[in-house]
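Structure assessment
These are the residues of each chain, in order.
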Amino acid sequence: MPPTLVHAALGGLLAAALLDRAFSARAVAVVVGAAALPDLDAPLALLFPGAHGALLHTLLIPAGAAALLYYDARREAPWLSGRYGPAGVRIAWVAVLAYALAGTGLDLLNLDAANPVWPAGTMYYSLVGKLEYSTTEGFVQTFYSYDPDGRWTHYVGQRGRYPYFCKPSLWQPGCGNTGSDPRTSAIVQSGWQLLLVAATPAVLLVRKRLGGRGER
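As a starting point, this report considers the structure included with it.

Here the focus is unusual backbone geometry. A cis amide bond, omega 0°, links Trp118 with the succeeding residue Pro119. Residue placement: Pro119 occurs in the loop between helix H5 (79–108) and strand E1 (123–125). With a phi angle near 55°, Asp20 is a residue other than glycine that sits in the positive phi range. Among the secondary structure elements, Asp20 is positioned in the loop between helix H1 (4–18) and helix H2 (25–36).

As structure tokens, this is what we get:
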């Protein structure tokens, strides 16, 4: 899966793009933290086997948070806006989006996979593929597979279930099977990740200079 630094970098870009007048160093920290938060289920797998990529990667968490924010906004006296003002509401919504897209989304769009519906389901998914146009075949996509003969008609990147599918990490390099595996902590794993990590601080700096003061 993309390293935590990459999740945080994408969260920073979302903060720069969406915080509007709520932009501030504290607001950016909240959004970046939300983007990196799902990766905390890696060390939690030491206590809860199979938690890595599932326990905090489930989209039920941001969905539940969004439902609470919506409910609070519909109240006669909303708690969040009453305590933190309009800026607090915007920061909360952007943080929820960062959790879903930059946190869980990046891992779903990766061969290492994630479980976006835990605990309702135990399957890990990896939504990788391509969409292209060919002069002989027309539009071709490989994200979703369909067999017209009916042997299997729904394949959307299923990778397997724990313990048959396991995600190694710094804390469990061999998924608990052996203690001889080397422990590594990735910083960036590809050129596009390096570009994202390098671009985010520059974007945030420009956003700070152009955006003036954030709301309090």
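It is worth spelling out the packing of H1 against H5 at this point. As a packed pair, H1 and H5 sit with axes 9 Å apart at the nearest point and diverge in direction by 145°. Considering how the two elements wind past one another, H1 and H5 form a crossing that is right-handed. Contacts between H1 and H5 involve Val6, His7, Leu10, Gly11, Leu14, Ala15 and Leu18 from the former and Arg90, Val94, Leu97, Ala98, Ala102, Gly103, Leu106 and Asp107 from the latter. Split into classes, the residues belonging to the contact of H1 with H5 amount to ten nonpolar, three polar and two charged.

Side chains bearing opposite charge may pair, as long as their charged atoms lie close to each other. The final tally for this structure, using the stated rule, is two salt bridges. A salt bridge links Arg75 to Asp72; the nearest nitrogen and oxygen atoms lie 3.1 Å apart. Take Arg75: its relative accessible area is 38%, and that puts it in the partly exposed class. A salt bridge links Lys130 to Glu132; the nearest nitrogen and oxygen atoms lie 3.5 Å apart. Judged by relative accessible area, which is 35%, Glu132 ranks as partly exposed.

Here the focus is the pairing of strand E3 (residues 138–141). Where strand E2 (residues 131–134) meets E3, four bridges bridge the pair, whose relative direction is antiparallel. Considered in E3, the bridge of Tyr133 is made with Phe139.

Let's shift gears to a nonpolar patch on the surface. A contiguous nonpolar patch, built from Leu131, Tyr133, Phe139, Phe143, Tyr144, Tyr146 and Val156 and spanning about 810 Å² of accessible area, is present on the exposed surface. Inspection of the secondary structure assignment puts Val156 in the loop between E3 and strand E4 (158–161). Judged by its relative accessible area of 32%, Val156 is partly exposed.

To continue, consider the nonpolar core. With 16 residues, the main nonpolar core has Leu19, Val28 and Val31 as its most contacted residues. Contributions of two or more residues to this core are made by H1, H2 and H5. Ranked by the residues each element gives to this core, the list is headed by H5, at five residues. Those residues within four positions of Leu19 in sequence are excluded, and the remaining contacts are Leu14, Ala27, Val28, Val31, Arg90, Ile91, Val94 and Arg207. Listed in part, the seven residues of the second largest apolar core include Ala34, Ala45, Ala51 and Leu56.

Before going further, it helps to examine the environment of Pro86. Turning to its location among the elements, Pro86 is positioned in helix H5. Spatially, the C-alpha atoms of Pro86 and Arg21 are 9.5 Å apart, while their sequence positions differ by 65 residues.

Conventions adopted
Numbers given to residues run from 1 along each chain, matching the order in which its sequence is written. The predicted origin of the model limits local features to residues at a pLDDT of at least 70 and limits the giving and counting of side-chain atom pairs to 80 or more, whereas totals for whole chains, interfaces and linings rest on all residues. Excluding hydrogens and water, the side-chain values take into account all heavy atoms of the structure. Helix and strand definitions here come from DSSP, where helices need a minimum of 4 consecutive H or I residues and strands a minimum of 2 consecutive E residues; each element is numbered from the N-terminal end. Angles run from 0 to 180 degrees between N-to-C directions of axes, and those axes are lines fitted to C-alpha atoms, restricted for helices to the stretch in contact. Handedness of each helix crossing follows the sense of rotation of the near helix against the far helix: counterclockwise by less than a right angle gives left-handed, clockwise gives right-handed. Two residues qualify as a contact provided that any one of their heavy atoms is within 4.5 Å of a heavy atom in the partner residue. Only Asp, Glu, Lys and Arg are considered charged, only Ala, Val, Leu, Ile, Met, Phe, Trp, Tyr, Cys and Pro nonpolar, and every remaining residue, Gly among them, polar. Each reported salt bridge corresponds to a side-chain nitrogen of Lys or Arg within 4 Å of a carboxyl oxygen of Asp or Glu. We call a residue buried when its accessible area falls under 20% of the maximum for its residue type, exposed when it is over 50%, and partly exposed in between, using a 1.4 Å probe and counting protein chains only. Strands were regarded as paired on the criterion that DSSP finds at least two bridges between them. Patches draw on residues past 30% relative accessible area with no salt bridge. Two like charges within 9 Å are joined, as are two nonpolar side chains (Val, Leu, Ile, Met, Phe, Trp, Tyr) within 5 Å. Using the Shrake-Rupley algorithm and a 1.4 Å probe, accessible areas are obtained, with residue cover drawn only from the displayed protein chains. As used in this record, nonpolar core signifies buried Ala, Val, Leu, Ile, Met, Phe, Trp, Tyr and Cys residues forming a set joined through side-chain atoms within 4.5 Å.

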